[in-house]
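An overview of the molecular structure
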Amino acid sequence: MTTVPAGAISKRDNVVVFDTTMRDGEQSPGASMSLEEKLELAKILEEMGVDVIEAGFPIASNGDFEAVRQIAELITESTVCGLARAAAGDIDRCAEAVRRAKRGRIHTFISTSPVHMKYKLQMEPDAVLEAITRSVSHARNLVDDVEWSAEDATRTERDFLKRCVEAAIKAGATTINLPDTVGYSYPSEYGELFRDVITSVPGADKAIFSAHCHNDLGLAVANSIAAIEGGARQVEVAINGIGERAGNAALEEIVMALRVRGDHLPYGTNVDPVHITRASRYVSAITGFPVQFNKAIVGKNAFAHESGIHQDGMLKNAETYEIMKPEDVGQGATNLVMGKHSGRHAFREKLKALGYELGQNALNDAFGRFKELADKKKHVFDDDIVALVDDALARGSEKIRVSRLRVVAGTDGQSAELTLDIDGVPSTAEATGDGPVDAVFNAIHKIVPHSAALRLFQVHAVTEGTDAQAQVSVRLEEDGRIATGAAADTDTLTASAKAYVNALNNLFARKEKSRPEAAIASGF
Ligand code: KIV
Ligand code: ZN
């Protein structure tokens, strides 16, 4: 096995890990996170060893401002960063949000490609150059650590890009990011871009170059690795690869690619991969975005061996089919089946092995729910426990909760009687429908009138057997806003009601968060 041991690589050869799960990741349609969830995620990222946490876009909403501000106060090891456009109002608001950070960064950006300058900014190239100098200088007057990004760098005319980079470095940018904003680049091209810019722009040695890749062609991770080969020493990533459209490069994939193939690319990171599974599950639980089964590193099948030949090889020597160990990324020995006689201690150990560390209240709550499940189900498998804990995490701060559900189904018609608690106050309705799920959703509509359209309803069994828990995902859309919800229960209809209500809660939280287009001060 060629894994490079942690700490074997000198700091000089470290790649800075910049996590944007809470900024670009939260821009995924439907992936809104509450303030409490962001604070918890920031703690996980810091514990993991992430160098820079991009916590939000402070001018975009009061919610984003507050998240960046509170994370800046909470986090002491990682740098806390906020995003700002090339406008004085944006930069001032961002500076205010990171003011109390032990290490604070302003990340300011402007588009540099012909198509963005002409249609989006409606600015001439010379005006963009001037804006770069003004915005970066302004940010540098407020903080020492300034990152500048050339939005749509990979579709920018090369000489112009170099002039922009030179201007940003002269104005005081300490990190230069060349994003593949639309996920258009090929690895060989993207690596060459970094090599060329770093070797030909005067002053390039004064800055750290950064890669920020989108996954529209499924090349985000490959492009980020190529950028490192070309001289980049920061990668901008998100847990589970969430982000705009097809997402960003996945943190876990880049960290493990560097670790496992240290023979090929001798650069390490400060990330301790043992926290990866916990972070992945937490992000999936709070966003309601399931992790695809075959997802590299964190998918449920990433370390599963199904064929007889593979299983035989694994039993003889794990290196036959595994290039890294599940324990390296925080997946423990996970085959201990739990049942109704399992105690609190075994349950806590099981949670640890599955990558969860819960506080006392959350642990008590999860244990109670585990006991309820064990009463209904003979064997409680690891996946049942993961579904149960994720379900509790997703429901942590909900305003609307499912309190009671009774459904009549069969050949004579379907009806549902449902009680929801709204801010603790119960409200009941009865409805019929075209099938039992429709009846349940109609009852929710009666109690909480809304105009959101159901865009996705998906059910899958967590484990096998007729007593398996059903995991339900729901996606709603209202006025272009999308929100996702997920829930698990041995009763498919209860899981459906909870998933719908979870999506509604997320939709309402999203509505509260957004406010009319924030005034963009053109104060320059
Ligand atoms: O994709 C992109 O270009 C961005 C910038 C704001 C860095 O997210
Ligand atoms: Zn992006």
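Procedures and definitions
- Residues numbered from 1 in each chain as written.
- Chains lettered and ligands numbered in written order.
- Predicted model: local features only at pLDDT ≥ 70, side-chain atom pairs only at ≥ 80, totals over all residues.
- Heavy atoms only, no water.
- Donors = N, O, S within 2.8 Å, 3.2 Å for Na, K, Ca; no water.
- Helix = DSSP H or I, 4+ residues; strand = E, 2+ residues; numbered from the N terminus.
- Buried < 20%, exposed > 50% of the residue type's maximum accessible area, 1.4 Å probe, protein only.
- Pairing = 2+ DSSP bridges.
- Phe/Tyr/Trp six-rings, centres within 6.5 Å; stacked < 30°, edge-to-face > 60°.
- Lys NZ or Arg CZ within 6 Å of the ring centre and 35° of its normal.
- Axes fitted to C-alpha atoms, helices over the stretch in contact; angles between N-to-C directions.
- Contact = heavy atoms within 4.5 Å.

**Focus: the coordination of the zinc ion (ligand 2)**
Distances from the zinc ion (ligand 2) to its protein donors, namely Asp 24 (OD), His 212 (NE2) and His 214 (NE2), fall within the range 2.0 to 2.1 Å. Ordering the donors of the zinc ion (ligand 2) by residue number gives the pattern D-x187-H-x1-H. A residue pair is termed long-range when its members are at least 10 positions apart, and Asp 24 in the loop between β1 (16-19) and α1 (35-48) and His 214 in the loop between β7 (208-213) and α8 (220-229) qualify at 190 residues. A residue is classified by how much of its surface remains accessible, and Asp 24, at 2% relative accessible area, is buried. Owing to a relative accessible area of 4%, His 214 belongs among the buried residues under this scheme.

**With respect to the pairing of strand β14 (residues 481-489)**
Of all the nine residues making up β14, seven are buried; the element is thus mostly covered by neighbouring parts of the structure. Relative to β14, strand β13 (residues 470-478) runs antiparallel, the two sharing nine bridges. By the bridge assignment, Glu 477 is partnered in β14 with Ile 482. If you look at the hairpin formed by β13 and β14, you'll find two residues sitting between the two strands, and Asp 479 has a positive phi there, around 50°.

**Topic: unusual backbone geometry**
Of note, Gln 122 is a non-glycine position whose phi angle comes to about 50°, a positive value. In this structure, Gln 122 sits in the loop between α4 (114-121) and α5 (125-142). One non-glycine residue, Asp 152, lies in positive phi territory at about 65°. Mapped onto the elements of the fold, Asp 152 is located in the loop between β5 (145-151) and α6 (158-170).

**Brief notes about the packing of aromatic side chains**
In the structure shown here, the tally under the stated rule is seven aromatic pairs. Here Phe 347 and Phe 370 contribute two aromatic rings whose centre-to-centre distance is 4.8 Å and whose plane-to-plane angle is 20°, an arrangement assigned as stacked. Residue Phe 347 is located in helix α12 (residues 344-353), and its partner Phe 370 is located in helix α13 (residues 360-376); the two are separated by 23 residues in the primary sequence. In textbook terms, an aromatic cluster arises when at least three aromatic residues are bridged by ring pairs, as seen for Phe 347, Phe 367 and Phe 370. The aromatic ring of Phe 65 is capped on one face by Arg 93, whose charged end is 3.7 Å from the ring centroid. Between Arg 233 and the ring centre of Tyr 267, over which it is positioned, the NZ or CZ distance is 4.0 Å.

**Points about the sheet that holds β7**
The eight strands lie next to each other as β1-β2-β3-β4-β5-β6-β7-β8, forming a closed barrel whose pairing is parallel. For this sheet, the mean inter-axis angle between neighbouring strands, taken without regard to orientation, is 25°. Pairing of β5 with strand β6 (residues 175-180) involves three bridges; the strand directions are parallel. Within β6, the position partnered with Trp 148 by the bridge is Ile 176. Lying on the sheet, helix α7 (residues 187-200) is in contact with β6 and β7; it crosses β7 at an angle near 155°.

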